[in-house]
Structure formats: C-alpha cells, structure tokens
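# Descriptive analysis of the structure
Chain by chain, the residues:
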There are 2 protein chains.
Amino acid sequence: MRVVVTGAAGMVGRKLTKRLMEDGSVAGRTIAALDLHDVTPFEAMSSPAMHVTVHVGDLAAEGAAAALVAPRPDLVFHLAGVVSGEAEANLELGYRVNLDGTRALFDAIRHAGNAPRVVFTSSIAVYGGPYPDVIPDDFHTVPLTSYGTQKLMSEALLNDYSRRGFFDGIGLRFPTICVRPGKPNKAASGFFSNIIREPLVGLPAVLPVPRDVVHTHASPRSAVGFLIHAAGLDGGQVGPRRNITLPGVGVSVGEQIEALRRVAGQDAVDLIREEPDEAVWALVKNWPTRFEARRAGELGFKAETSFDEIIRAHIEDELSD
Amino acid sequence: MRVVVTGAAGMVGRKLTKRLMEDGSVAGRTIAALDLHDVTPFEAMSSPAMHVTVHVGDLAAEGAAAALVAPRPDLVFHLAGVVSGEAEANLELGYRVNLDGTRALFDAIRHAGNAPRVVFTSSIAVYGGPYPDVIPDDFHTVPLTSYGTQKLMSEALLNDYSRRGFFDGIGLRFPTICVRPGKPNKAASGFFSNIIREPLVGLPAVLPVPRDVVHTHASPRSAVGFLIHAAGLDGGQVGPRRNITLPGVGVSVGEQIEALRRVAGQDAVDLIREEPDEAVWALVKNWPTRFEARRAGELGFKAETSFDEIIRAHIEDELSD
C-alpha cells in the first residue's frame, strides 16, 4: 500500500515514520511506498523495503496537496499543523496552515477519488471550559483558542467528507503528549514535559502553574500507537461520529511530580522551581482535566494507565542506548 | 448608526429590513444608513428616514465583503446562505457560500477594525443524533449534513473572532422557521410549513413523514425578533460561548395538525395527504426534537409558546390585509 504522512518532520511524525519503516506494514498491509511531507526541509530515514519520497512545501499553496495525493495513497496520516502558542500569536498563519492546509488536503483527496483512510490529529483543545469533573464523549466543543477552533473546523470537515464518502476519516483528539523529547516548542503545554524531561538529565525546570492543575497526558509512544490503531479501524464500526477523544493519564501536576520522585528520586524533584506565570496560567486554567474516553476504549485505543509508566516510556525511548 | 444586512432578499432578510425601516432604530440607536446585500438582484423598500443602499454580488468573491464593510458599520446581520437541500445537492456551492462567504465577511470586518456587533444566523442543523429527549445547551454538535457542517464551522470562527475582539458576535441557532410564506424552497424542512400554509388557503399539501415526528419551530415574526434582540445584547453578559440555541415550540407533526384543526377547522386538515417520502425521511429522522434553550431564556430571547400561536402569527402577518 501507499502511505502519506504530513508533518513528517515533527516529533510525532518522525516517530510514526520510524515505526512504519520498522513494521513494514500497517493496517495489515505491506507498505510499498511512503510519501513524507513537511513544510520544513528534512532528511528522512531510508528503508530497504519501501520506496520513500520526501516532499517539502506549503500544503495550502495551489496544487501542493493535489501533487501529494496524485498517486492515490491508500492511507493518509495528516499530522501537519502549527502548535497552539503559534496559532494564537500569528492568526493568519494558524488559519492558513491548520485550516486551509487541511481543507486543501481533504479537497485534493476528494478530487483524487479513491476514498482512502485519513487519520487526522485533532486535539483536546477543541474543548473549552467550564468542564464537568470527567468530560464525557458527547460534551460540547467550544474552543477557547484559535488552535482549538482550527482543529474543530477541520474535524467538522473530516466528518462531513467521510459521511459523503470522499474518504474514510478518523479524527483523533490527542491529549497532551508528554514527555516531549528535545527542546521546548511554542506549545503552552510545554511545562508538563519540561518538569519531567529536564530533571531526568539533571537540569532545572520551571513550573509556571499551581500543583493542583489536573490534565490528561499520553506518551509519544502512545501517540504513535493511536495513529497506527486508527489506520486499521473498521470505519463502519466507528459510525458517523468520526472524531474520537482519546484516553490518557489524568493527573495533577503534583501527582506528576510524585511519579518523578518514585522513578528518579528526590534529587530530580528538587530541580523543579515554582515560578508562577500569569500568561501560561491564563491559557492553562481553561484546559480540560479528565476524559471519560468511552468510545475510544470500545474501539480499542490504549494509553498508559499511570504517570510512572509515561516517565518510564520516556526513559526507555529517549534516554537508553 | 450604520447597519448591514446580508441575505437581504431572502424571506427573513426582507422581514428584518421592513422591521428596521419601521422601527427606525435598533439596539437603542437611530439607523442612519442601511446597506442591504444579496447575491440575487432585488428591489429594496425605501425609507425616508435612512439612507438605503442595495449591494448585489458574491460575498466570497475577492473584495466584495471588504467593499460592503468599508464604511465600518456598527451592526452586521449576516443572514446570507444556501439552504440545507441545496448545500447537500451542490457541495462546492454550499462550502463557497456558507463557509467561504462567511469567512470573507468576518475577515473583512476584522480588517475594517471597528469591532461591530455581528449577528449571524446559524441553525439547529449543527446538531446530529442520536439525541436525548430534551437537548441541553451543552450537547455536542456533530452535524449530519453539509449545511450543518458549514454552519458549525462558521460558528467556531465567529466565536474565535469574538474572543479575539475583531467583532462582537452572536450566533443564533434558529429552529425551523414555520410557517414559511410563499413558495416552498429547497429546504428539506419545507413540509412543516406546507401542511399549514397550503390548507389555510384551501390548497392541498403533502405530508412526507410520520405524524409522530417531533421538531421545534418558531414563526418568521419570532425570527426577526431574535435578530433584533441579539443586536441589543450586552456581549459581556453573553460571555465566551457566542452561539446560542434559540427557543421554539417543540411539537409533533400530529400536534401541528391538531393546532390547524383548532384554528382553521377540519376542512383545512382534510387537505393534508400523507405520502411517505424516503428521501425526506432519511434527512428528517436525524433532526433534533426539543431544546432546553436555557441560556437563550436567560438572555431574554422569546418565541411562541404554542403551535396555535404560530399559525395565528402567519394568518395575521401573511393572510390579513
């Protein structure tokens, strides 16, 4: 089969690419060709088993999406997007990349006419507070950021185009991905990872919000697992509601820190400095806390079940040779 | 103040225009200028008290929306759109008019920079089944039509642009407007009006769905009332959730027919012929039934309280000299 990955140079995109190359197959079928797309020039890993092509460009630009899907891929992972902080800081960029780019891709797939599986990374940012203690699958989506708005609009389009048979779409509302490896990006959620990743390698980290903030997390490893699992779902079983809130570990920041203490000891915890930041708090206080994620469970999506597991996944995947 | 009405040649647009001219003011301020826009050429009523300008064109066309709002209106009623049946039959037209046209208008207002009140007609089509008996304000929005999808995407944009201060938007989720005067349009909901309007003037009408179908209605008079009321709301009081599900009369088709019997007698009822239509039923069975509309009530929106009232409003407004 032929597989497309957009946002292939991003953190999750790279991990997904690696997994696809290692597995050699997805959704029960051998991968013959892999088209990797990103707006940023990047060097792809190579694989002896499949034909790998790198595409660089702006998906919203005239003709770019059409060229990418002209070979009529069987499976499209659409991960490309600018993150929440950037979409908030740069209105036009956010709408162009997160909405227009997605719409251009979806329309190009519609015109290609082969109705592939499309797996789209949405976000729990489609929700806005106030929230109940545990957010049910049918809770309304009233985003409080431009990023969440763009994801919601894209979700709606995915649902409509799937209903009309242009493709077989699955939208995945990712929880916050934690522990993010590497350097912080502009996502306001960065501190959730920083306070774990940095102390694990002996570096200090700043906690800008109160310890009783509760939020839901899944590891990068789970993120890739979600994508792979979505690729193989039976669309008929998913039904007409194509956007799925994923499971994760709902914990307070205090519980994250306790998990760090259990896994890495008090010395690691001592590297966390509390330094309240009103700008971060203004965003974070509107974020969702815990999800029921009942449908995702029924459809077989799995995440970690404790924050200790999330930390151990990071150590295994990023800090081991 | 300066007021813009898009979709001014439509049924609600014409009634709103008439009301604005009769009242001479809206939201407590005198109307000095009224800009009426539609894609279809139309002849506007004139008013001695205000400067009325007719604009004809496609809002999604380059520069059209910018020209319309260049005089920096204080209040914009955005009613323009293609109806549900047409948006379903013609995918590209629906997205162009209902999404791109709305986005072009919202962006033009953003660039004009004076942050007016924007009143946007959304629809209960943003909801999709299965439904609870009474749909609460925080029920999720998963439309099952392209029309509903386009309205939902526009609502999301309105909410984000209001949050960012580009304008002070109010989205109104209209129930089905009944009794629609004039000829049927392509809306699949047309029969709800036909079975009342036609028998009232001695003409036969077809009922294509079962009598136990429950749906929510408000009169054209109430529709105009909703728009006028929204124009005068305090945005701070509305808060961050700018899209409001409106009240209406939730009745079964059987109850509609009983109301017709009470108001116009058995002879009128005898003109209704039951003729099941699978295509209409396929759409209608997914439509919402009754709404709690609690927020709308708190914000002072009012509709009829019985279907008898809705029929009497039609007789007074359309069938009296």
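The rules behind the values
Residues numbered from 1 in each chain as written. Chains lettered and ligands numbered in written order. Predicted model: local features only at pLDDT ≥ 70, side-chain atom pairs only at ≥ 80, totals over all residues. Heavy atoms only, no water. Helix = DSSP H or I, 4+ residues; strand = E, 2+ residues; numbered from the N terminus. Rg over C-alpha atoms; globule rule 2.2 N^0.38 Å. Contact = heavy atoms within 4.5 Å. Lys, Arg positive; Asp, Glu negative; His and termini not counted. Charge placed at Lys NZ, Arg CZ, Asp CG, Glu CD. Least-squares fit on C-alpha atoms with pLDDT ≥ 70 in both. Buried area = accessible area lost by both parts, 1.4 Å probe. Salt bridge = Lys/Arg side-chain N within 4 Å of Asp/Glu carboxyl O. Polar contact = N/O pair within 3.5 Å; in protein donor to acceptor, adjacent residues only side chain to side chain. Nonpolar A, V, L, I, M, F, W, Y, C, P; charged D, E, K, R; others polar. Domains from an automatic or database assignment. Pairing = 2+ DSSP bridges. Axes fitted to C-alpha atoms, helices over the stretch in contact; angles between N-to-C directions.

Going by what an unreviewed UniProt entry lists, chain A is known as D-erythronate dehydrogenase and is assigned to Neoaquamicrobium sediminum.

### Here's the deal with the overall build of chain A
Secondary structure summary: chain A contains 13 helices and 16 strands in total. Relative to a compact globule of 321 residues, whose C-alpha radius of gyration would be 20 Å, chain A shows 19 Å and is just as compact. Judged by the C-alpha coordinates and their principal axes, chain A covers about 55 × 45 × 40 Å. Considering only contacts in chain A between residues 6 or more positions apart, those separated by 24 or more positions represent 77%. Side chains of chain A carry 32 positive and 39 negative charges; the gap between the two charge centres is 5 Å.

### What about the relation of the copies chain A and chain B?
Relative to chain B, chain A is turned by 180° and slid 0.0 Å along the rotation axis, the superposed coordinates differing by an RMSD of 0.0 Å. Taken together, these values place the two copies in the relation of a two-fold axis. Using C-alpha coordinates, one finds that chain A approaches the rotation axis most closely at His140 of chain A, a distance of 1.9 Å. Same-surface contact between copies: 100% of interface residues of chain A are shared with the interface of chain B.

### Details of the interface of chain A and chain B
Each partner contributes to the interface: chain A provides 36 residues, whereas chain B provides 36 residues. Sorting the residues of chain A by area buried against chain B places Arg103, His140 and Arg241 of chain A first, and these three jointly supply 20% of that buried surface. There are eight salt bridges connecting chain A and chain B. In this structure, the connection of chain A to chain B is made through 28 residue pairs in polar contact (both at pLDDT 80 or more). Going through the elements one at a time, α3 (84-89), α4 (91-112) and α5 (146-163) of chain A are the ones with two or more residues in the side of chain A that touches chain B. With 10 residues, α5 of chain A is the largest single contributor of residues to the side of chain A that touches chain B. Here the side of chain A that touches chain B is composed, by residue class, of 16 nonpolar, nine polar and 11 charged.

### Observations concerning the environment of Val69 of chain A
With respect to the helices, strands and loops of the structure, Val69 of chain A is situated in helix α2 (residues 64-69). Once you skip the residues sitting within four places of it in the chain, Val69 of chain A turns out to touch Leu105, Ala108, Ile109 and Ala112 of chain A.

### Looking at the domain arrangement of chain A
Residue and element names in this part refer to chain A. The domain architecture assigned to chain A consists of domain 1 (2-175 + 219-245) and domain 2 (190-216 + 249-290 + 305-318). Put simply, the middle of domain 1 and the middle of domain 2, counted by C-alpha atoms, are 27 Å apart. The interface of domain 1 with domain 2 comprises 13 residues on the first partner and 13 residues on the second. Across the domain 1/domain 2 interface, buried area totals approximately 1100 Å², and carbon plus sulfur atoms make up 57% of it. Broken down residue by residue, the surface that domain 1 buries against domain 2 is led by Ile124, Tyr131 and Arg221, which jointly contribute 40%. Our count for the contact surface shared by domain 1 and domain 2 stands at three salt bridges. A salt bridge links Glu318 to Lys15; the shortest N-O distance between them is 2.4 Å. Counting across the domain 1 and domain 2 interface gives five residue pairs in polar contact (both at pLDDT 80 or more). Looking at the side of domain 1 that touches domain 2, its residues break down into seven nonpolar, three polar and three charged.

### Considering the sheet that holds strand β7 (residues 117-123) of chain B
All names here are of chain B. Ordered by their spatial adjacency, seven strands build an open sheet running β5-β4-β1-β6-β7-β9-β13, and the pairing between neighbours is parallel. Each having just a single partner strand, β5 (51-56) and β13 (243-245) make up the two edges of the open sheet. Neighbour-to-neighbour, the strand axes of the sheet open up by a mean angle of 15°, direction not taken into account. The sheet contact formed by strand β1 (residues 2-6) and strand β6 (residues 75-78) spans four bridges and is parallel. Bridged to Val5 within β6 is Phe77. Across the face of the sheet, helix α7 (residues 220-231) comes into contact with β6, β7 and β9 (168-174) while running at roughly 160° to β9.

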